[in-house]
4 protein chains.
Amino acid sequence: MGDASAKPRGRDIGIPFEGDPGPLNAITDVSGVEVGYTTLIRGEGALRVGEGPVRTGVTVILPRGRNDREPVLCSYFAFNGMGEVAGALAVAESGRLSGPIGITNTHSAGTVRDALVAWSIREGVPGFWHLPVVGETFDGYLNDIDGMHVREEHVFAAIDSATSGYIAEGNVGGGTGMIMHGFKGGTGTASRIVRHADREYRVGVLVQGNTGTRAELRVAGAPVGMELLDYGSPDRGHKPATKSIIIVVATDAPLDPHYLERLAKRPVLGMGRLGNTGHDTSGDIFVAFSTAAPGTREHLEEPEYGFPKLPLIGRGLGAMSDEERNAPSLMLSLLFQATVEATEEAIVNALVAAEDMRGRDDRLVVAIPHDGLRVALRKYNRLVAGP
Amino acid sequence: MGDASAKPRGRDIGIPFEGDPGPLNAITDVSGVEVGYTTLIRGEGALRVGEGPVRTGVTVILPRGRNDREPVLCSYFAFNGMGEVAGALAVAESGRLSGPIGITNTHSAGTVRDALVAWSIREGVPGFWHLPVVGETFDGYLNDIDGMHVREEHVFAAIDSATSGYIAEGNVGGGTGMIMHGFKGGTGTASRIVRHADREYRVGVLVQGNTGTRAELRVAGAPVGMELLDYGSPDRGHKPATKSIIIVVATDAPLDPHYLERLAKRPVLGMGRLGNTGHDTSGDIFVAFSTAAPGTREHLEEPEYGFPKLPLIGRGLGAMSDEERNAPSLMLSLLFQATVEATEEAIVNALVAAEDMRGRDDRLVVAIPHDGLRVALRKYNRLVAGP
Amino acid sequence: MGDASAKPRGRDIGIPFEGDPGPLNAITDVSGVEVGYTTLIRGEGALRVGEGPVRTGVTVILPRGRNDREPVLCSYFAFNGMGEVAGALAVAESGRLSGPIGITNTHSAGTVRDALVAWSIREGVPGFWHLPVVGETFDGYLNDIDGMHVREEHVFAAIDSATSGYIAEGNVGGGTGMIMHGFKGGTGTASRIVRHADREYRVGVLVQGNTGTRAELRVAGAPVGMELLDYGSPDRGHKPATKSIIIVVATDAPLDPHYLERLAKRPVLGMGRLGNTGHDTSGDIFVAFSTAAPGTREHLEEPEYGFPKLPLIGRGLGAMSDEERNAPSLMLSLLFQATVEATEEAIVNALVAAEDMRGRDDRLVVAIPHDGLRVALRKYNRLVAGP
Amino acid sequence: MGDASAKPRGRDIGIPFEGDPGPLNAITDVSGVEVGYTTLIRGEGALRVGEGPVRTGVTVILPRGRNDREPVLCSYFAFNGMGEVAGALAVAESGRLSGPIGITNTHSAGTVRDALVAWSIREGVPGFWHLPVVGETFDGYLNDIDGMHVREEHVFAAIDSATSGYIAEGNVGGGTGMIMHGFKGGTGTASRIVRHADREYRVGVLVQGNTGTRAELRVAGAPVGMELLDYGSPDRGHKPATKSIIIVVATDAPLDPHYLERLAKRPVLGMGRLGNTGHDTSGDIFVAFSTAAPGTREHLEEPEYGFPKLPLIGRGLGAMSDEERNAPSLMLSLLFQATVEATEEAIVNALVAAEDMRGRDDRLVVAIPHDGLRVALRKYNRLVAGP
């Protein structure tokens with residue numbers, strides 16, 4: 001990933017955001033969450049399917065880390081379903097998720113899905129079957145996507161690299177070859193801390209962003225896209241792109257699947273802040289999980305009909321006190337607000353961290369220029385001092 | 001309601017059903033549930049809109065009875081949404097329901113809805129706003145439905161008559177003028193007791209049935225509709241009807257809204273047992289609630305912006321032990337099975353309890369003949385001795 | 001409605017918007033659409049339930065005007081379902097809507113719904129049953145909502161007043177007593193013209209807005225809410241409000257119900273531009289219809305079983321040419337964009353057109369101050385000359 | 001597949017069904033539909049993960065055959081979402097499907113999905129990305145499912161073997177190792193011809209069945225499961241199983257995605273006829289497509305931003321006459337009825353065609369005994385002469 005830690009993030013540029021971020025301002029601020037990447041960049045020049053150029057990768061999110069086998073409570077929302085999120089139906093029905101979440105390119109989602117099955121089997125994740133969650137966005141403008149370069153070993157390597165600390169952004173993992181709002185896109189993250197009464201919860205967001213046009217782009221409300229319309233590719237920035245965005249929301253707030261389904265709807269309001277207009281053929285799909293319930297582990301019953309033992313899936317939020325469960329409407333609204341704010345910042349972070357990329361057929365996608373971005377923000381009095 | 005208690009029910013006819021019914025074999029077997037009816041029958045002969053003939057009414061279900069202000073957890077499922085269930089969206093979003101459920105005819109659903117609002121205000125049901133659940137089916141073949149004869153006072157009277165004991169079936173309440181499977185339809189109910197390990201729960205079902213063709217009707221699996229195809233209206237029994245069915249499922253099992261949404265899907269399997277083929281323009285909509293959580297009462301916060309105080313709606317299943325919340329997959333399956341069985345029996349009970357009705361323009365709809373039903377069941381070796 | 005035509009709108013203030021509005025910049029730019037209001041304002045001082053003060057009303061939208069009995073194709077989306085939209089389930093199932101749409105206060109939705117049934121019967125709208133669409137938002141902070149002051153005659157009067165021309169905004173119709181983003185809210189509208197290849201379509205939006213906090217409010221991307229945080233009610237503007245917004249999208253583009261469902265999702269991105277964070281207990285529900293298909297009228301079949309004749313509902317987009325039906329992905333994206341833009345402007349127009357209102361218990365809700373708004377926009381270089 | 005054509009089907013046993021089947025009584029009665037299987041059976045004795053015993057396979061359905069690149073209109077419904085159907089979200093959003101549908105075991109769904117992507121690339125199926133539909137059910141009781149024995153070449157072989165004629169049932173393809181209603185399950189199919197006025201359409205159903213308990217099984221309404229409760233595995237047949245069923249519905253009726261979504265709900269009523277009670281952890285997911293619209297082919301627009309050309313996806317039912325599009329409500333109901341009837345028969349056919357199978361760890365699952373089935377049907381007067 002290179003010395004990614006040196007790269008500026010949205011706040012370093014001087015972009016103002018609302019709310020209180022966590023210490024890392026990343027999804028890993030939610031205790032237990034680990035993120036790992038495998039980034040595949042090799043080859044140049046003309047596309048030769050199966051050989052390259054390769055500009056892709058895989059991102060994995062382990063909701064409880066590599067060693068905790070407890071499921072998390074989980075739900076999803078498809079704002080624009082024109083994409084793949086394997087496992088979405090099972091998550092919605094069961095309200096639970098075991099094992100890692102993967103994000104990759106469109107044509108490798110199956111490989112990553114079965115690799116997560118294989119990993120779950122190898123690691124002894126409880127359950128007789130595994131229905132992993134794997135999302136995707138399309139990187140075929142820069143990447144030899146039809147060459148299907150992501151392999152099982154890349155998934156395992158991404159899991160092995162997973163960390164609960166600082167995580168890279170931009171051209172990394174599944175986001176390596178992505179394009180967003182007419183600039184180089186990719187992976188971004190942010191977090192918020194929510195406090196109310198005597199309780200404190202965290203919300204973390206990770207996006208793999210590949211959606212939006214340049215003309216519609218707003219940063220901190222400023223019409224940055226129109227200001228930079230001719231940057232890099234002067235005649236193209238205002239034309240529609242039709243891509244996708246996968247957004248994962250993690251929280252340690254004790255939300256049951258019913259509330260997680262509601263939480264999973266809120267990222268679209270963050271997209272709205274960026275000016276996104278919800279283009280046709282964009283797969284804008286969001287997954288939300290809560291790490292709060294330690295009592296969701298699948299137990300085993302007596303054998304039935306000689307069949308594999310049945311998992312217990314009815315487990316609720318048993319390990320929390322009544323106080324904790326008694327989340328008021330205000331707390332819910334604060335969690336919703338945190339999700340919107342963190343989504344907005346994670347998308348901006350993906351843009352800011354991305355770097356120019358040249359890919360198949362020498363196509364070049366420029367990153368949003370930091371100086372140009374500052375100029376545009378200053379023009380609209382939205383540039384603040386860095387932290 | 002007349003001396004309804006003398007009327008035979010499905011089991012009295014000798015129809016075999018599966019599972020263990022509760023003591024009343026009715027939705028009122030779920031502790032706290034009360035049901036009341038207002039039945040409006042007056043006038044004969046030619047239709048004069050606004051005058052009659054009137055063959056309609058209103059049914060109310062009070063999930064916790066008249067005096068308990070605690071909300072229940074609730075969800076719904078629209079198998080075939082071609083009908084009205086006011087309040088459905090709010091129930092799905094909040095997972096909660098305060099106040100009674102109403103069921104009436106299609107053109108009076110608004111009146112009943114606002115009458116329930118008025119009752120909730122008068123009775124001091126907590127909340128600054130009220131979003132009652134009111135379903136409907138169409139009785140315009142027999143009833144002067146455009147005359148809109150159901151009034152606010154009929155709703156109040158139905159609530160005042162509500163009981164937690166024996167409840168009438170057939171041509172009563174909202175079901176008064178309904179038609180089902182080519183016979184007189186109406187209101188029916190049944191219940192099941194579910195036992196597993198050391199726990200015992202109840203599931204109760206109430207239907208307002210107005211759906212299905214005669215030809216497709218199966219009772220206890222026997223093709224009863226074909227056997228009685230020419231009964232009463234020989235040339236018509238095999239033609240499609242396109243109506244609706246509202247099904248309310250009550251349980252004391254500690255299911256959260258996520259599981260109640262799943263429970264609310266199961267009645268369609270009970271309809272399938274009757275042979276129903278899911279006709280176009282039929283509004284087949286199901287509501288499920290759990291009385292288990294006593295901790296769902298809406299609390300009040302500090303005033304916000306001078307606004308009405310905010311209700312607390314995040315309350316989960318706090319008052320139950322971990323054991324209770326730890327409902328295994330098997331228990332869920334047993335509750336699903338109970339719902340299917342009780343739905344099947346409640347629909348049959350509606351048919352069996354209904355009586356011939358002559359309505360507008362002297363139209364006659366015959367009830368399923370008990371003798372003919374027995375003959376048909378015997379032919380297929382499905383007639384059993386009564387209880 | 002007063003001399004509403006003299007009131008400035010968002011563009012008159014100098015707020016920049018994107019896209020090309022229609023001639024009226026209103027939902028009535030979609031040919032055939034008519035909008036009518038009844039506004040009820042009377043009484044002052046302390047609340048006396050049933051007497052007042054009254055600050056409410058009803059809005060009606062006639063998709064094809066008063067005299068065209070053809071249904072429109074229709075769908076809906078509940079971003080946050082904590083409200084009532086009667087008829088939503090039927091619209092989703094049938095893909096069609098006959099008769100007017102109503103919008104009113106929370107406790108009068110039933111009355112308005114049945115009044116629309118009565119009007120449909122009286123006017124001979126085809127169909128044996130009527131399932132009108134009626135939305136609501138909560139005006140109980142200013143209005144004697146429990147007094148249920150909206151009556152059938154007010155609905156009829158709103159229909160009688162409906163026009164296809166200029167329509168009032170702000171404190172009118174169902175929006176009379178609403179509050180939005182910490183300022184006086186209400187009714188707003190806007191439209192866009194979409195051109196691609198040789199085709200031109202219109203999208204019109206009408207909102208009844210009662211949602212959002214002041215602190216989060218962005219206008220044209222500028223953080224106007226924070227700039228005006230202390231205006232009028234200094235200690236309250238930053239606190240959460242939890243209300244609702246009903247958004248109706250009309251288009252003459254030939255979209256079938258499947259695409260209308262997708263179109264109905266896009267208003268949430270417009271809300272996002274305003275900074276809305278999707279508060280708990282807000283009923284944010286959107287309805288979209290297309291007037292394009294003249295062939296959707298319900299026909300009648302032969303009587304079935306002596307029952308009312310069955311409507312034909314399978315009619316598609318028969319009257320359009322293949323060219324028209326062949327709407328490309330780009331056209332869809334442009335329609336989505338138009339919906340987002342028109343939603344953003346309609347919400348701003350509702351804020352700008354609203355005026356200070358004093359209601360029950362002498363509560364005062366201030367309108368957004370036009371001068372203060374200009375100052376804030378100028379600070380962020382987002383003030384433009386009027387049209 | 002062996003000499004499968006010699007195997008009796010449900011009708012050969014003397015089971016009565018309703019409605020008119022097509023000439024093959026199979027999904028291939030819908031013109032253009034082709035079905036292919038790869039069946040993997042090898043090894044015996046104790047489970048050694050990665051080696052076997054192998055009792056699995058893959059089924060492919062090509063909606064327009066191998067050589068027609070036109071998409072079909074498509075939708076889906078998850079009655080019980082506890083399974084994987086890759087591509088479901090994209091089908092729901094776009095209303096379209098290009099390329100084959102796959103069905104396999106739970107742990108190979110990703111491999112099959114990416115193999116279909118690879119096939120679509122190789123064959124030049126239009127589109128810059130591919131989002132294939134792949135369903136699964138769990139065969140881990142008999143099969144070394146963790147060994148993940150289905151490979152890309154098996155998917156290609158299944159496609160190469162696809163036929164529009166007679167197709168095998170029972171222990172074939174993805175259904176090889178499945179269990180249903182306490183007996184050996186697997187693959188089954190049936191069809192219906194629907195005639196109304198001067199139009200005639202076909203509905204074909206294919207199931208991969210792995211769901212249900214023995215005790216609840218009804219065949220033609222007769223309580224066959226209770227009659228055969230002790231057959232083969234006397235102490236086990238009445239216990240709950242919790243599995244899955246994938247049901248694919250094909251039709252040549254001109255239904256748009258909105259109606260296909262409704263059609264996709266109807267198979268659950270067919271499951272209800274079998275007595276199914278909707279067990280927890282069963283993934284009961286249904287896909288419906290229409291081959292009627294030849295005008296759905298994806299066209300290409302001008303390049304946008306140097307990006308891959310955009311597909312046109314707005315194409316409706318342009319190539320049909322107004323008459324055809326003008327499908328009345330009655331026709332819809334007949335198509336719904338046909339779907340229910342064909343689902344019922346396809347499930348029975350899967351049971352009847354299946355044969356005893358011994359798999360991992362010498363586990364034996366018995367097929368439903370034909371003689372015992374006849375005895376049970378005769379007892380309930382539901383045995384008819386064969387065709």
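I will try to describe carefully the structure that is included in this document. Nothing here was measured: the structure is a model prediction, and the numbers come from that model.

**Here's the deal with the sheet that holds strand S6 (residues 101-105) of chain B**
Residue and element names in this part refer to chain B.
Part 1: Taken in spatial order, the 5 strands of this open sheet run S1-S2-S6-S7-S4, and their pairing is mixed. Two strands lie at the open edges of the sheet, namely strand S1 (34-42) and strand S4 (85-86), each paired on one side alone.
Part 2: Note: strand S2 (residues 54-62) against S6, 3 bridges, orientation antiparallel. The partner of Val 60 across the bridge, within S6, is Gly 102.
Part 3: Sitting on the sheet, helix H4 (residues 152-160) touches S1 and S2, and the angle it makes with S2 is about 50 degrees.

**Description of the sheet that holds strand S1 (residues 34-42) of chain D**
Residue and element names in this part refer to chain D.
Part 1: Overall, mixed pairing links the 5 strands, which are arranged S1-S2-S6-S7-S4 in an open sheet. Because the sheet does not close on itself, it has two edges, and the strands there are S1 and strand S4 (85-86).
Part 2: The pairing of strand S6 (residues 101-105) with strand S7 (residues 133-137) spans 5 bridges and is classified as parallel. Within the sheet, the bridge partner assigned to Ile 103 lies in S7 and is Gly 135.
Part 3: Packed onto the sheet, helix H4 (residues 152-160) meets S1 and strand S2 (54-62) and runs at close to 50 degrees relative to S2.

**Side note on the packing of helix H3 (residues 109-123) of chain B against helix H3 (residues 109-123) of chain C**
Part 1: Contact geometry for H3 of chain B and H3 of chain C: axes closest at 7 Å, N-to-C directions at 165 degrees. Between H3 of chain B and H3 of chain C, the angle falls in the class roughly antiparallel. Here H3 of chain B runs over H3 of chain C; the crossing is left-handed. In contact with Ala 109, Gly 110, Thr 111, Arg 113 and Asp 114 of chain B of H3 of chain B, H3 of chain C contributes Ala 109, Gly 110, Thr 111, Arg 113 and Asp 114 of chain C.

**Notes on the environment of Thr 251 of chain A**
Residues and elements named next belong to chain A.
Part 1: Here Thr 251 lies in strand S12 (residues 244-251).
Part 2: In this structure Thr 251 comes out as buried when scored by relative accessible area, which is 0%.
Part 3: Once the C-alpha coordinates of Thr 251 and Thr 291 are considered, the two residues, 40 residues apart in sequence, prove to be 6.4 Å apart.
Part 4: Beyond its immediate chain neighbours, meaning those up to four positions away, Thr 251 contacts Val 30, Arg 202, Val 203, Leu 260, Leu 263, Phe 289, Ser 290, Thr 291, Ala 292 and Leu 335.

**Focus on the interface of chain A and chain C**
In many analyses, interface size is given as the accessible surface area lost on bringing the parts together.
Part 1: Taken together, the contact between chain A and chain C spans 39 residues of the former and 39 residues of the latter.
Part 2: Carbon and sulfur atoms make up 49% of the surface buried where chain A meets chain C, a total of about 3200 Å² over both sides.
Part 3: Considering only the surface of chain A that becomes buried against chain C, Arg 218, Leu 269 and Asp 280 of chain A emerge as the three largest contributors, covering 20% of it.
Part 4: There are 6 salt bridges connecting chain A and chain C.
Part 5: With a closest N to O distance of 3.2 Å, Arg 218 of chain C and Glu 18 of chain A form a salt bridge.
Part 6: Our count for the chain A to chain C interface comes out at 20 residue pairs in polar contact (both at pLDDT 80 or more).
Part 7: Of all the secondary-structure elements, those providing two or more residues to the side of chain A that touches chain C are strand S3 (72-81), helix H7 (267-273) and helix H9 (329-353) of chain A.
Part 8: Among the elements that line the side of chain A that touches chain C, the one with the most residues is H9 of chain A, at 8 residues.

**Overview of the side chain of Asn 25 of chain B**
All names here are of chain B.
Part 1: As for its position among the elements, Asn 25 is in the loop between helix H1 (10-13) and S1.
Part 2: Only 3.0 Å separates the side chain of Asn 25 from the backbone nitrogen of Ser 191, close enough to count as a polar contact.
Part 3: Apart from the residues within four sequence positions on either side, Asn 25 is in contact with Arg 9, Arg 11, Thr 189, Ala 190, Ser 191, Arg 192, Glu 345 and Asn 349.

**Notes on the pairing of strand S13 (residues 283-290) of chain A**
Residue and element names in this part refer to chain A.
Part 1: With respect to burial, S13 is a largely interior element, 8 of its 8 residues being buried.
Part 2: Side chains Gly 283, Ile 285, Val 287 and Phe 289 project from S13 onto one buried face, and the interleaved Asp 284, Phe 286, Ala 288 and Ser 290 project onto a second face that is buried too.
Part 3: Across 8 bridges, S3 lies against S13 in antiparallel orientation. Residue pairing in the sheet places Phe 77 in a bridge with Phe 286 of S13.
Part 4: The pairing of S12 with S13 spans 7 bridges and is parallel.

**Considerations on the pairing of strand S11 (residues 199-210) of chain C**
Residue and element names in this part refer to chain C.
Part 1: The buried fraction of S11 is high, at 10 of 12 residues.
Part 2: Relative to S11, strand S10 (residues 186-196) runs antiparallel, the two being bridged by 11 bridges. Within the sheet, the bridge partner assigned to His 196 lies in S11 and is Arg 199.
Part 3: Connecting the antiparallel pair S10 and S11 is a turn made up of 2 residues, with Ala 197 showing a positive phi of about 50 degrees.

**Brief notes about H4 of chain B**
Part 1: Looking at H4 of chain B, one finds that the buried residues are His 154, Val 155, Phe 156, Ala 158 and Ile 159 of chain B.
Part 2: On its buried face, H4 of chain B sits against S1, S2 and H3 of chain B.

**Some points on the packing of aromatic side chains**
Part 1: All told, the structure shown has 10 aromatic pairs over all chains when counted by the stated rule.
Part 2: Ring centres of Phe 77 of chain A and Phe 77 of chain C lie 6.1 Å apart, and the angle between their planes is 25 degrees; this geometry places the pair in the stacked category. Of this pair, Phe 77 of chain A sits in strand S3 while Phe 77 of chain C sits in strand S3 (residues 72-81), which puts the two residues in different chains.
Part 3: Aromatic pair Phe 77 of chain B and Phe 286 of chain B: ring centres 6.3 Å apart, planes at 50 degrees, arrangement tilted. Taken as a pair, Phe 77 of chain B in strand S3 (residues 72-81) and Phe 286 of chain B in strand S13 (residues 283-290) lie far apart in primary sequence, 209 residues in all. You'll find Phe 77 of chain B and Phe 286 of chain B in the same group, each marked buried.
Part 4: The structure contains a cluster of three or more aromatic residues connected by ring pairs, namely Phe 77 and Phe 286 of chain A together with Phe 77 and Phe 286 of chain C.
Part 5: Geometry around Phe 77 of chain C places Lys 265 of chain C over its ring, the cationic atom sitting 5.7 Å from the centre.

**Thoughts on the pattern of salt bridges**
Part 1: This model, assessed by the stated rule, comprises 83 salt bridges over all chains.
Part 2: Between Glu 123 of chain B and Arg 69 of chain B there is a salt bridge, and its shortest N-O distance comes to 3.3 Å. One end of the pair, Glu 123 of chain B, is in helix H3; the other, Arg 69 of chain B, is in the loop between S2 and S3, with 54 residues separating them in the sequence.
Part 3: One salt-bridge network, held together by shared partners, links Arg 11, Arg 192, Glu 341 and Glu 345 of chain A.

**Quick notes on helix H10 (residues 370-379) of chain D**
Residue and element names in this part refer to chain D.
Part 1: Buried within H10 are the following residues: Gly 372, Leu 373, Ala 376 and Leu 377. Viewed along the axis of H10, the buried residues span an arc of 135 degrees, placing them on a single side of the element. Across H10 from its buried face, at more than 90 degrees, point the exposed residues Asp 371, Val 375 and Arg 378.
Part 2: The positive-phi residue at the C-terminal boundary of H10 is Asn 381, with phi of around 55 degrees.

**Some remarks on the relation of the copies chain A and chain C**
Part 1: Take chain A, turn it by 180 degrees, move it 0.0 Å along the axis, and it overlays chain C with an RMSD of 0.0 Å. In symmetry terms, the pair is related by a two-fold rotation axis. For chain A, the smallest separation between a C-alpha atom and the rotation axis is recorded for Gly 221 of chain A, amounting to 1.8 Å.
Part 2: When the interface residues of chain A are mapped onto chain C, 100% of them again fall at the interface, so both copies present the same face.

**Side note on the environment of Thr 111 of chain D**
Part 1: Mapping Thr 111 of chain D onto the fold places it in helix H3 (residues 109-123).
Part 2: As for Thr 111 of chain D and Glu 152 of chain D, which are separated by 41 residues in sequence, their C-alpha atoms are 6.6 Å apart.
Part 3: If near-sequence neighbours (up to four positions away) are discounted, Thr 111 of chain D is found in contact with Gly 110 and Asp 114 of chain A together with Val 150, Arg 151 and Glu 152 of chain D.

Criteria and cut-off values
- Residues numbered from 1 in each chain as written.
- Chains lettered and ligands numbered in written order.
- Predicted model: local features only at pLDDT ≥ 70, side-chain atom pairs only at ≥ 80, totals over all residues.
- Heavy atoms only, no water.
- Pairing = 2+ DSSP bridges.
- Helix = DSSP H or I, 4+ residues; strand = E, 2+ residues; numbered from the N terminus.
- Contact = heavy atoms within 4.5 Å.
- Axes fitted to C-alpha atoms, helices over the stretch in contact; angles between N-to-C directions.
- Parallel < 35°, antiparallel > 145°, perpendicular 65-115°, else oblique.
- Left-handed = near helix turned anticlockwise from the far one by under 90°.
- Buried < 20%, exposed > 50% of the residue type's maximum accessible area, 1.4 Å probe, protein only.
- Buried area = accessible area lost by both parts, 1.4 Å probe.
- Salt bridge = Lys/Arg side-chain N within 4 Å of Asp/Glu carboxyl O.
- Polar contact = N/O pair within 3.5 Å; in protein donor to acceptor, adjacent residues only side chain to side chain.
- Phe/Tyr/Trp six-rings, centres within 6.5 Å; stacked < 30°, edge-to-face > 60°.
- Lys NZ or Arg CZ within 6 Å of the ring centre and 35° of its normal.
- Arc of directions from axis to C-beta.
- Least-squares fit on C-alpha atoms with pLDDT ≥ 70 in both.

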